[in-house]
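The chain contents come next:
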Amino acid sequence: MLLEQITQPKDLKQLSIEQLEQLATETRQFLVEKLSVTGGHLSSNLGVVELTIALHYLFNSPYDKFIFDVGHQSYVHKMFTGRMDKFDTLRKYKGLCGFVKRSESEHDVWEAGHSSTSLSAAMGMAIARDLKGDHNRVVAVIGDGALTGGMALEALNHIGHEKKNLIVVLNDNEMSIAPNVGALHNYLGKIRSDKHYVKVKEEVEYLIKKIPAIGGTLAKTIEKLKDSLKYMVVPGVLFEELGLTYLGPIDGHNLPVLLETLKQAEKVEGPVLLHVVTLKGKGYSPAEADSHAWHGASPYKIESGQMLKAVGPPMYTEVFSKSLIDLAREDSRIVAVTPAMPGGSGLLKFADEFPDRMIDVGIAEQHAATLCAALANEGIKPVFAVYSTFLQRAYDQVVHDICRANLNVIFAIDRAGFVGPDGETHQGAYDIAFLRSIPNMVLMMPKDEDELRHMMKTAVEYNEGPIAVRYPRISGLGTSMDNPYHTIPIGTWEVLRPGDSAVVLAVGPMISLAMEAAEQLSKEGVQLRVINARFIKPMDEAMLLQLAKDNLPIITMEEGALMGGFGSSVLEYYANQNLYGLRIKILGIPDYFVEHGSVQEQRKEVGLTSERLVSEVKALVPRRRQHA
Ligand SMILES: Cc1ncc(C[n+]2csc(CCOP(=O)(O)OP(=O)(O)O)c2C)c(N)n1
Ligand SMILES: CC(=O)[C@@H](O)[C@H](O)COP(=O)(O)O
Ligand SMILES: [Mg+2]
């Protein structure tokens, strides 16, 4: 096994081309075996095996800097940089991160998780290199999906202008998570598949070489035409026009061609874009057949390709999906908008039933947000389906185009709270803090999957401006969902369990933990009142004032950043009401980035547990009341 010989990139350099090809085969076997147990981004990594081998074979990481866009396709890079023995801990608590991670290796020079940042990073590193008088190469690997992200186009604009030496490897597998979309995708498709380009390009290049032999005025004319002739047939003319030298398209699985073209790229003065065509999922037939399903794979049986899905109540995403379809059947104004996450956001069935009312804009959250604003402006009822963490990308559009204009946009914010294996770059930790401070925004979170249905109904019926419902990346509680849809009065909380020793204002999945704690405390004579603080904004002020009158200790509990979160808004409220002297404790995600692991492990790490709540209540309730 060649793989066992590779502990550092320099070990690759001793191998022959045939051995490198053998190494590629062994690498794929390793990935398929390891990820059958851990899960992870299988199809993307299977697609970049030869590319990653070629980069480490030719260049000298970490002196030469490799930047992986998103970073979900960096497993092969991790294998060749001394971390093969850690793959059993991939995306596990305190184990190997599923994205590039500087603390893991000197070869990990740039972290990501969110898409489309690699070209900006490459440009920054190229400018820094030149300012320092260094001469290392800078190589960004960006996918065709990531290239649809606005940041990538901002960076290309700058790269083409500054003409710094850097290499952009466009890994074009025609897929984002789902099939890629957009004009850029269509353009790349034309280059990839139009044999006309290749044929005519060869003839033109042959002709151009012959010009000097023709001589005379004809040669001069053709010479003048040369550039326009070249541009007519050179694929990638878009990139050439932007100031990059375009090379390709080449087969991204053909090692000799990859090596030859990368060597050619290295000699070019200024920025180069090398267009490599790959197959997402290559080498494992289930992933080749459906690279969308195998983008974020759960553990699976290798032979059958059967993923081991958790059994039990539906994920909140599934409940969102079904309720949206139910509501859209009754209301033709409803349109769903997704920034490249139709599968993860639960919109595939919606798209099947309403193909004209599901809009995938590519990895373009900013565009998606303002598109929704304009749809609402024209009387459509847009549902912006977006992960909490990716909504961060569109913050100005939410403020400037949606909330300021007070437009009826519905935000269906999935992956709100801890997300588990994706870790710190993907935690849905900040949407409470960054949304509640925007005027006109309504923000709610259901206690269970049934309440999510009614919150969707409430959102569709709401016509006073933007309204957001956030829900977590977990299964529901198994509550019945037979109740007919009804609306919930905006800004109303509900008492789920009476109690006169202390009060907990719990948000979303924290309610289950609060009910467990209340049960435990009641055995010790402490009656914890549990309130479903289902509207984060506006809060239920009548209930807040009553709680002040009751003068019981109050604990807030949210799976969101403490800084500026729901608990903060409760503290602000009482301070603004000059209601001092209340005993209030706020529980949430502390002020640091929580790394990958399971949701349960992440909650435990930050103390979002029923046990923690029990101890905090006991600390606040006078001893005499504990035995009442
Ligand atoms: C800002 C942002 N939006 C959405 C995502 C979710 N996401 C992760 S990978 C991916 C698709 C990337 O496609 P591509 O760059 O072509 O890489 P491939 O997996 O095809 O190799 C998406 C949409 C993200 N990581 N960041
Ligand atoms: C790499 C990336 O950003 C996505 O693939 C993300 O990992 C999807 O998350 P879910 O698995 O929660 O859909
Ligand atoms: Mg792709």
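Residues numbered from 1 in each chain as written. Chains lettered and ligands numbered in written order. Predicted model: local features only at pLDDT ≥ 70, side-chain atom pairs only at ≥ 80, totals over all residues. Heavy atoms only, no water.

In the nomenclature of an unreviewed UniProt entry, the protein is known as 1-deoxy-D-xylulose-5-phosphate synthase of Paenibacillus radicis. Listed in UniProt under the heading Function (unreviewed entry), the comment for the protein reads: "Catalyzes the acyloin condensation reaction between C atoms 2 and 3 of pyruvate and glyceraldehyde 3-phosphate to yield 1-deoxy-D-xylulose-5-phosphate (DXP)." Taken directly from UniProt, the Subunit (unreviewed entry) text for the protein runs: "Homodimer." (UniProt positions renumbered as here; feature names shortened; annotations may be inferred.)

(A) Just the coordination of the magnesium ion (ligand 3), in detail. Around the magnesium ion (ligand 3), the protein contributes the donor atoms Asp144 (OD), Asn173 (OD1) and Met175 (O), at 2.0 to 2.2 Å from the metal centre. Mapping the donors of the magnesium ion (ligand 3) onto the primary sequence yields the spacing D-x28-N-x1-M. A single burial state applies to asparagine 173 and to methionine 175, both of which are buried. (Donors = N, O, S within 2.8 Å, 3.2 Å for Na, K, Ca; no water. Buried < 20%, exposed > 50% of the residue type's maximum accessible area, 1.4 Å probe, protein only.)

(B) Broad picture of the pattern of salt bridges. Across all of its chains, the model carries 36 salt bridges by this definition. A salt bridge links glutamate 174 to arginine 192, with the shortest nitrogen-to-oxygen separation between them at 3.2 Å. Here the residue glutamate 174 occupies a position in the loop between β3 (167–172) and α7 (183–193), and arginine 192 occupies one in helix α7, the gap between them amounting to 18 residues. Where aspartate 331 meets arginine 333, a salt bridge forms, and the shortest distance between an N and an O atom there is 2.7 Å. Judged by its relative accessible area of 13%, aspartate 331 falls in the buried class. Because the salt bridges share partners, they merge into one network encompassing Lys78, Arg83, Glu104 and Asp108. (Salt bridge = Lys/Arg side-chain N within 4 Å of Asp/Glu carboxyl O. Helix = DSSP H or I, 4+ residues; strand = E, 2+ residues; numbered from the N terminus.)

(C) Geometry of the site of ligand 1. Taken together, 23 residues lie around ligand 1, and Ser44, His72, Gly145, Lys280 and Glu365 are the ones closest in. The contact in question runs from an oxygen atom of ligand 1 to an N or O atom on the backbone of methionine 175, over 2.8 Å. Protein chains bury 98% of the 580 Å² of accessible surface belonging to ligand 1 in isolation. Here the shell around ligand 1 is composed, by residue class, of eight nonpolar, eleven polar and four charged. (Near = heavy atom within 4 Å. Polar contact = N/O pair within 3.5 Å; in protein donor to acceptor, adjacent residues only side chain to side chain. Areas by Shrake-Rupley, 256 points an atom, 1.4 Å probe, with all protein chains shown as cover. Nonpolar A, V, L, I, M, F, W, Y, C, P; charged D, E, K, R; others polar.)

(D) Representation of the side chain of histidine 77 in the model. With respect to the helices and strands, the residue histidine 77 is situated in helix α4 (residues 75–83). A relative accessible area of 1% means that histidine 77 is categorised as buried. Only 3.4 Å separates the side chain of histidine 77 from the backbone oxygen of histidine 107, close enough to count as a polar contact. Residues in contact with histidine 77, not counting those within four places in the same chain, are Thr52, His56, Phe66, Phe68, Arg83, His107 and Asp108. (Contact = heavy atoms within 4.5 Å.)

(E) Examining helix α11 (residues 255–267) more closely. Its 13 residues place the ends of α11 19 Å apart at the C-alpha level, agreeing with the 18 Å of an ideal helix rising 1.5 Å per residue. Each element contacted by the buried residues of α11 is listed here: α1 (17–38), α3 (49–58), β3, β4 (245–251) and β5 (272–277). With a side-chain oxygen lying 3.1 Å from the backbone nitrogen of valine 257, the N-terminal cap of α11 falls on asparagine 254. (Expected span 1.5 Å × (residues − 1).)

(F) Looking closely at the sheet that holds strand β19 (residues 584–589). Reading across from one edge, β14-β16-β15-β18-β19 is the order of the five strands in this open sheet, with mixed pairing throughout. The open sheet is flanked by β14 (494–497) and β19, the only strands paired with a single partner. Strand after strand, the sheet turns through a mean of 25° between neighbouring axes, direction not considered. One ladder, built from four bridges, connects strand β15 (residues 502–506) with strand β18 (residues 554–561); its direction is parallel. (Pairing = 2+ DSSP bridges. Axes fitted to C-alpha atoms, helices over the stretch in contact; angles between N-to-C directions.)

(G) Broad picture of helix α15 (residues 365–377). Compared with an ideal rise of 1.5 Å per residue, which puts 13 residues at 18 Å, α15 spans 18 Å between its outermost C-alpha atoms and is within 8% of the ideal. Turning to α15, its buried residues are Glu365, Ala368, Ala369, Cys372, Ala373, Leu375 and Ala376. Burial along α15 is one-sided: seen end-on, the buried residues are contained in an arc of 165°. In this fold, the buried residues of α15 make contact with β8 (334–338), β9 (358–360), β10 (381–387), α16 (388–391) and α17 (395–403). Of the residues one or two after α15, glycine 379 is the one with positive phi, at around 90°. (Arc of directions from axis to C-beta.)

(H) Highlighting the UniProt feature "binding site: Mg(2+)" (unreviewed entry) in the protein. Listed under "binding site: Mg(2+)" (unreviewed entry) in the UniProt record, and renumbered for this structure, are Asp144 and Asn173. Taken along the chain, the residues just named run across 30 residues; in space they keep tight, none of their C-alpha pairs more than 6.9 Å apart. By secondary structure assignment, the location of aspartate 144 is in the loop between β2 (138–143) and α6 (150–162). The buried category is assigned to aspartate 144, whose relative accessible area is 2%.

(I) Structural context of the site of ligand 2. Surrounding ligand 2, one finds 13 residues, the nearest of these being His295, Tyr387, Asp422, His426 and Arg473. When its residues are assigned to classes, the shell around ligand 2 shows five nonpolar, five polar and three charged.

(J) Just the pairing of β18, in detail. Within β18, eight of the eight residues are buried, which leaves it mostly tucked inside the rest of the structure. In terms of strand pairing, β18 meets β19 through five bridges, oriented parallel. Within the sheet, the bridge partner assigned to isoleucine 554 lies in β19 and is isoleucine 584. Of the crossover connections in this fold, the one passing from β18 over helix α22 (residues 566–576) to the parallel β19 is right-handed. (Right-handed = clockwise from strand over helix to strand, strands pointing away.)

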